[in-house]
Amino acid sequence: MVFLKNAVSTLDLKLWCCICVGFIIFSCVNKEDKILPTERALTESVYASATIQPDSLYQVYAIVSGLIDANLVEEGDLVAKDDHLFQIINNTPRLNTQNAKLALNLAQDNYKGNATVLSSIESEISAAKLKFKNDSINYFRQKRLWDQNIGSKAQYDTQKLNYELASNQLEVLQNKLDRTKNELKTAVQQAKNYYQTTAITTKNFTVNSKINGKVYAIFKEPGEVVSSMEPLATVGSEKHFVIELLVDEVDIVKIKKSQEVLINLDAYKDVVFKAKVSKIYPKKDERNQTFLVEALFNKPPEILYPGLSGEANIVISNKANVLTIPIAYLTSDNKVKTDDGLVSVKTGLQNMDYVEILSGITKETYIYKPE
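Reading guide: rules and limits
Residues numbered from 1 in each chain as written. Predicted model: local features only at pLDDT ≥ 70, side-chain atom pairs only at ≥ 80, totals over all residues. Heavy atoms only, no water. Helix = DSSP H or I, 4+ residues; strand = E, 2+ residues; numbered from the N terminus. Buried < 20%, exposed > 50% of the residue type's maximum accessible area, 1.4 Å probe, protein only. Pairing = 2+ DSSP bridges. Patch = residues over 30% accessible without salt bridge, like charges linked within 9 Å, V, L, I, M, F, W, Y side chains within 5 Å. Areas by Shrake-Rupley, 256 points an atom, 1.4 Å probe, with all protein chains shown as cover. Salt bridge = Lys/Arg side-chain N within 4 Å of Asp/Glu carboxyl O. Lys, Arg positive; Asp, Glu negative; His and termini not counted. Charge placed at Lys NZ, Arg CZ, Asp CG, Glu CD.

Considering the overall build of the chain
Reasoning step 1: For the chain, the helix and strand inventory stands at four helices and 20 strands.
Reasoning step 2: Burial analysis of the chain (371 residues in total) assigns 29% to the buried set.

Digging into the sheet that holds strand 9 (residues 225–226)
Working definition: the strands of a sheet are paired by backbone hydrogen bonds and lie parallel or antiparallel to each other.
Reasoning step 1: Across the sheet, which stays open at both edges, the four strands sit in the order 7-6-4-9 with antiparallel pairing between neighbours. Strands at the two margins of the open sheet, each flanked by one partner only, are strand 7 (206–208) and strand 9.
Reasoning step 2: For strand 6 (residues 84–89) and strand 7, the ladder comprises three bridges, and the chain directions are antiparallel. Across the sheet, the residue bridging to Phe86 is Val207, located in strand 7.

A closer look at unusual backbone geometry
Reasoning step 1: Of note, the phi angle at Asp270 is positive, near 65°, even though the residue is not glycine.
Reasoning step 2: Accessibility expressed as a relative area gives 80% for Asp270, which makes it exposed.

A look at the sheet that holds strand 10 (residues 233–236)
Reasoning step 1: One open sheet holds the four strands; their spatial order is 3-10-8-5, and the pairing between them is antiparallel. Bordering the open sheet on either side are strand 3 (58–60) and strand 5 (78–79), each of which pairs with just one other strand.

Things to note about the pairing of strand 19 (residues 354–359)
Reasoning step 1: Pairing geometry for strand 15 (residues 309–326) and strand 19, over three bridges, is antiparallel. Bridging from a neighbouring strand, Pro326 pairs with Tyr354 of strand 19.
Reasoning step 2: If you look at the hairpin formed by strand 18 (residues 346–350) and strand 19, you'll find three residues sitting between the two strands.

Let's talk about a nonpolar patch on the surface
Reasoning step 1: On the surface, a cluster of nonpolar side chains totalling about 250 Å² of accessible area is made up of Leu67, Ile89 and Val225.
Reasoning step 2: Mapping Val225 onto the fold places it in strand 9.
Reasoning step 3: Residue Val225 is classed as exposed on the basis of its relative accessible area, which comes to 56%.

Here's the deal with a negative patch on the surface
Reasoning step 1: A surface patch of like charges, here negative, comprises Glu74, Glu75, Glu221 and Glu224.
Reasoning step 2: Considering the arrangement of structural elements, one finds Glu221 in the loop between strand 8 (213–218) and strand 9.
Reasoning step 3: Looking at Glu221, the relative accessible area reads 43%, which means it is partly exposed.

Here it is in structure tokens:
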């Protein structure tokens, strides 16, 4: 009987311990889920992926085809504007230039030279003027006689016909001279234009830099064939870099010039760099549904390379001393769980962790994490 009583007492003690432990655990869980809203400074920002690129970066192309005779620079070299980068060889444009020069000389000789085509026409005009003058004298002499009824009608008609033919021939030759002058003048100008074009093409066998900067990449080696469709190199600014930001289309309407940007680069762990939005490109990239935004460093790192990547947050707005709760405590329909049940709240700014509460609860309202 005593043994049974002791067994019951032991069982009651274990049950009581389990109840106490369960209560403690339940109290702790409730305590962890139960919090008060807090006041803090809140920053709303838009996330963007970031890539570093040199300013004025461009790909170098040749406007002629041929073979690379020599690379006049190496990757990493600094270049000034108009410095030679590549030498290309191709004999065809040089021959074209020589032929164009010969054609120009011939056109100029035909127009102004001693053996000009115009001189023969001018000689014909001189002879035609003499004949016209002679036929004119004979015609008007015969006309005066005919007016006095002297001479025959046949003689008068013959002199009149000769006069008219001489007049027409002189006019024809004069028109021929004017037309030939225009044709030869046009031929000279066309030959001059063609010669200048071929001369420019010949000069472009040497590819020059368009900016003061740095050679970041070279794609062709001596002996390789080049065309105007393939880039030869990449050149960009040596010291000035831009930050290319890819912003999702749902956030692009929030972005404005001069907004502050906070950047974390993979190459500089735990360092936050500040920048400002400098340019917003209006065309959307249909492949990834993003817009390109450029930013400039306030104070760039000492060492930067093209293609360095990282993450950025574009600051949309800042507020101090606002009532906030963790986003995890807010339901999808903007309600929070309180001692009085679910309560609707009006929200304001928010970031990845917290959301501003404008109305619905106070800083004395306990809230619970929804299940």
